[in-house]
Amino acid sequence: FPVTIVGFYVFTDNDLRANTIITIEDIPTKKYLDDPFLVEVESNRSGDLLYVLEKIQSTSEFDPCRIIESGLIEITSPGLSKLKVYQLENETYKSGYAETVIIINKADQNINLKPLPDKSFGDLPFRILDNLTDAGLSVNFFSNNSSAAKVTDGNLLNIIWSIS
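Heads up: these notes are all about the structure in this document. Please read all numbers here as calculations on a predicted model, not as lab measurements. (Residues numbered from 1 in each chain as written. Predicted model: local features only at pLDDT ≥ 70, side-chain atom pairs only at ≥ 80, totals over all residues. Heavy atoms only, no water.)

Regarding the sheet that holds strand 10 (residues 126-127)
Phase 1 of the analysis: Here three strands make up an open sheet; going across it, the order is 10-12-11 and the pairing antiparallel. Strands with a single pairing partner mark the edges of an open sheet, and in this sheet they are strand 10 and strand 11 (149-152).
Phase 2 of the analysis: Note: strand 10 against strand 12 (residues 156-159), two bridges, orientation antiparallel. The residue bridging Arg-127 from the neighbouring strand is Leu-156, located in strand 12. (Pairing = 2+ DSSP bridges. Helix = DSSP H or I, 4+ residues; strand = E, 2+ residues; numbered from the N terminus.)

A short note on the environment of Phe-141
Phase 1 of the analysis: Along the chain, the position of Phe-141 falls in the loop between strand 10 and strand 11.
Phase 2 of the analysis: For Phe-141, a relative accessible area of 21% puts it in the partly exposed group.
Phase 3 of the analysis: Through-space distance from the C-alpha of Phe-141 to that of Asn-131 is 9.9 Å; in sequence the pair is 10 residues apart.
Phase 4 of the analysis: Contact partners of Phe-141, with chain neighbours within four places excluded, come to Leu-113, Ile-128, Asn-131, Val-151, Gly-154 and Asn-155. (Buried < 20%, exposed > 50% of the residue type's maximum accessible area, 1.4 Å probe, protein only. Contact = heavy atoms within 4.5 Å.)

Some points on the sheet that holds strand 6 (residues 65-69)
Phase 1 of the analysis: Spatially, the three strands line up as an open sheet ordered 3-7-6, and their pairing is antiparallel. Two strands lie at the open edges of the sheet, namely strand 3 (37-38) and strand 6, each paired on one side alone.
Phase 2 of the analysis: As paired elements, strand 3 and strand 7 (residues 72-75) share two bridges and run antiparallel to each other. Looking at the pairing, Phe-37 lines up with Ile-73 of strand 7.

Side note on a negative patch on the surface
Phase 1 of the analysis: Residues Glu-25, Asp-26, Glu-40 and Glu-42 make up a contiguous surface patch of negative charge.
Phase 2 of the analysis: Mapped onto the fold, Asp-26 is located in the loop between strand 1 (22-24) and strand 2 (30-31).
Phase 3 of the analysis: Judged by its relative accessible area of 75%, Asp-26 falls in the exposed class. (Patch = residues over 30% accessible without salt bridge, like charges linked within 9 Å, V, L, I, M, F, W, Y side chains within 5 Å. Areas by Shrake-Rupley, 256 points an atom, 1.4 Å probe, with all protein chains shown as cover. Salt bridge = Lys/Arg side-chain N within 4 Å of Asp/Glu carboxyl O. Lys, Arg positive; Asp, Glu negative; His and termini not counted. Charge placed at Lys NZ, Arg CZ, Asp CG, Glu CD.)

Topic: unusual backbone geometry
Phase 1 of the analysis: Positive phi, close to 85°, is recorded for Leu-33, a residue that is not glycine.
Phase 2 of the analysis: Assignment of secondary structure puts Leu-33 in the loop between strand 2 and strand 3.

Quick notes on the pattern of salt bridges
Phase 1 of the analysis: Enumeration over the complete set of coordinates arrives at seven salt bridges.
Phase 2 of the analysis: Note that Asp-15 is salt-bridged to Arg-17, the shortest N-O span being 2.7 Å.
Phase 3 of the analysis: Among the residues examined, Asp-15 registers a relative accessible area of 27% and is labelled partly exposed.
Phase 4 of the analysis: On the basis of relative accessibility, which here comes to 23%, the residue Arg-17 falls in the partly exposed class.
Phase 5 of the analysis: Across the pair Asp-108 and Lys-31 runs a salt bridge whose closest N-O atoms are separated by 2.6 Å.

Written out as structure tokens, the structure reads:
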């Protein structure tokens, strides 16, 4: 097919100001309950930096983190946040920005089991009580040999037969 060029435009950037170059240092994966952390940001010029967080994903209704003050970030829940750092234009530099993703994993939990009472085949079923994680969550139990012991309701243990 023949092509007819009716006209064309050449777009040029007449703005002779220098580009602003912003670099955000890598942020290692964080965990919920970690201490607030400072984001290391560099720019090729002086001037204020503007920090903006955008929730990508969260395990709660809260944003995974929030800005306490310029560059200092507090973790508020597990999830993903996008951090954008802006620097506005001035007489000699154009505006610029950089962005990165902050990953916040769930906190580790420890389960401290209390000793089980001495029980034997033929005893009535009993509840395994007061076992919580250090986060205050209840613990459910299961038996890996339901022929010997059966757990119901998460913590009611019934010894079915004795292993010699």
